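Tertiary structure, described
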Amino acid sequence: MAQQLSIIVEQMVTVDGFAAAPDGGLEFAEATMPRDDLTDHAQLAMLESVDAIVLGRRTYAMFAQYWPGADPAVEGVAEPINRLPKLVVSSTLGRAPWGGAGPDEIEVLRPDPTAADAVAGLADRFGTVIVWGSLQLANALMETGLVTRLRLRVCPAVLGDGLRFTPPGLGLTLLRLESSTALPSGHVMTEYAVAAPA
């Protein structure tokens, strides 16, 4: 019998609740991110409890371009990101290269029959996975009630318009506050346990 899979979704969002600009751009995150160490102790502690990283195709492309070459001495999360097993959910990718700091390839997970089903099927392999960004994938997981924890890194910026970090029509979903930490950069990291949709 498969174990219960814990799915953490982490999003960078603006103060007014957007996870991307209308065109999908993340300029707000780039403009507000500190240029020295991008990590905090809570982020590293969370990664110690994670068994795998699951990404959507677009977020995978951004991660694969940046993280394999990131210096762990400067960005502490680079080491666990490169070390942990990684999977990308995609119906179009034939392969998923990862740079020299980790394995040359990461696993491509087919959305069979849906992306949410594919992620739920990881319960026989992992106890806890984290989904970073990956709005379409995260929305599919939220819609099906599979997300168990929600981590929001609120950036000190507003957009006024853009893509929300929850799917339209989700309805009331209750959250229980687990922690909230204001960082020197002006970001606020807040973690919630997710209850079943009301």
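From a predicted model like this one, the values you see are computed outputs, not experimental measurements.

**Re the overall build of the chain**
Along its length, the chain carries 6 helices and 10 strands. Computed over its C-alpha atoms, the radius of gyration of the chain comes to 16 Å, within 12% of the 16 Å expected for a compact globule of 198 residues. Considering only C-alpha atoms, the chain reaches an extent of 45 × 40 × 30 Å along its principal axes. Residues classed as buried in the chain amount to 47% of the 198 residues present. In the chain, the proportion of contacts linking residues at least 24 apart, taken out of those at least 6 apart, comes to 71%. Total accessible area on the chain is roughly 9800 Å²; 55% of this is exposed by carbon and sulfur atoms. Of note, the chain has its 13 positive side-chain charges centred 3 Å away from the centre of its 23 negative side-chain charges.

**A few points about the layout of surface pockets**
Put simply, the largest pocket is a space of about 1500 Å³. In this structure, the largest pocket is lined by 48 residues; those nearest its centre are Leu26, Thr59, Met62, Phe63 and Gly133. Of all the elements, helix α3 (residues 57-66) adds the most residues to the lining of the largest pocket, at 7 residues. Class assignment of the residues belonging to the lining of the largest pocket gives a composition of 24 nonpolar, 15 polar and 9 charged.

**Focus on the packing of aromatic side chains**
Per the counting criterion, the structure on display carries 3 aromatic pairs. Between Phe63 and Trp132, the aromatic rings sit 5.7 Å apart at their centres with planes inclined by 40°, giving tilted as the arrangement. Of this pair, Phe63 sits in helix α3 while Trp132 is found in strand β6 (residues 128-132), placing the two residues 69 residues apart along the sequence. A residue is classified by how much of its surface remains accessible, and Phe63, at 13% relative accessible area, is buried. Ring centres 5.0 Å apart and planes at 85° place the aromatic pair Tyr66 and Trp67 in the edge-to-face group. Residue classification places Tyr66 among the partly exposed positions, given a relative accessible area of 39%.

**Details of the nonpolar core**
Core analysis: the biggest nonpolar cluster contains 30 residues, and Leu5, Ile7, Val54, Val119, Leu122, Leu137 and Leu141 have the highest contact counts within it. When contributions to this core are tallied by element, the ones reaching two or more residues are β1 (6-14), β2 (18-20), β3 (52-56), β4 (86-89), α5 (115-120), β6, α6 (135-143) and β7 (149-155). Contacts of Leu5, omitting those with residues within four sequence positions, involve Val119, Ala120, Leu122, Ala123, Phe126, Gly127, Thr128, Val129 and Thr148. Of all hydrophobic cores here, the second largest spans 21 residues; its members include Tyr60, Ala70, Ile106 and Trp132.

**Quick notes on unusual backbone geometry**
Leave glycine aside and you will find that most residues have negative phi; peptide bonds, for their part, are mostly trans. A cis amide bond, omega -5°, links Asp112 with the succeeding residue Pro113. Not every positive phi belongs to a glycine, and Ser134 is a case in point at roughly 50°. Locating Ser134 in the fold gives a position in the loop between β6 and α6.

What counts as what
One numbering rule holds for all chains: residues counted from 1, following each sequence as written. The predicted origin of the model limits local features to residues at a pLDDT of at least 70 and limits the giving and counting of side-chain atom pairs to 80 or more, whereas totals for whole chains, interfaces and linings rest on all residues. The basis for every side-chain value is the complete set of non-hydrogen atoms in the structure, without hydrogens or water. The helix and strand labels rest on DSSP assignments: H or I over at least four residues marks a helix, E over at least two residues marks a strand, and numbering proceeds from the N terminus. The globule rule used for comparison is 2.2 Å times the number of residues to the exponent 0.38, while the radius of gyration itself is calculated over C-alpha atoms. To sort residues, take the accessible area from a 1.4 Å probe on protein chains only and compare it with the maximum for the residue type: under 20% means buried, over 50% means exposed, and anything in between is partly exposed. Here, residues are in contact when the closest pair of their heavy atoms is within 4.5 Å. Using a 1.4 Å probe, the Shrake-Rupley method yields the accessible areas, and only the shown protein chains count as cover for residues. In this tally Asp and Glu are treated as negative and Lys and Arg as positive; neither His nor the chain ends contributes. For the purpose of locating charges, the reference atoms are NZ of Lys, CZ of Arg, CG of Asp and CD of Glu. In the cavity and pocket records, a cavity denotes points on a 1 Å grid over the protein atoms alone where a 1.4 Å probe fits but cannot get out, a pocket denotes an open set with protein on both sides within 12 Å along at least 5 of 7 lines, and lining residues are residues with an atom within 4 Å of a point. Grid points are joined across faces, edges and corners, and a volume is the space filled by probe spheres set on the points. Only Asp, Glu, Lys and Arg are considered charged, only Ala, Val, Leu, Ile, Met, Phe, Trp, Tyr, Cys and Pro nonpolar, and every remaining residue, Gly among them, polar. Each Phe, Tyr or Trp ring, with Trp reduced to its six-membered ring, pairs with another whose centre is within 6.5 Å; inter-plane angles below 30 degrees give stacked pairs, above 60 give edge-to-face pairs, and intermediate values give tilted ones. What we call a nonpolar core is a set of buried Ala, Val, Leu, Ile, Met, Phe, Trp, Tyr and Cys residues that are connected through their side-chain atoms within 4.5 Å.

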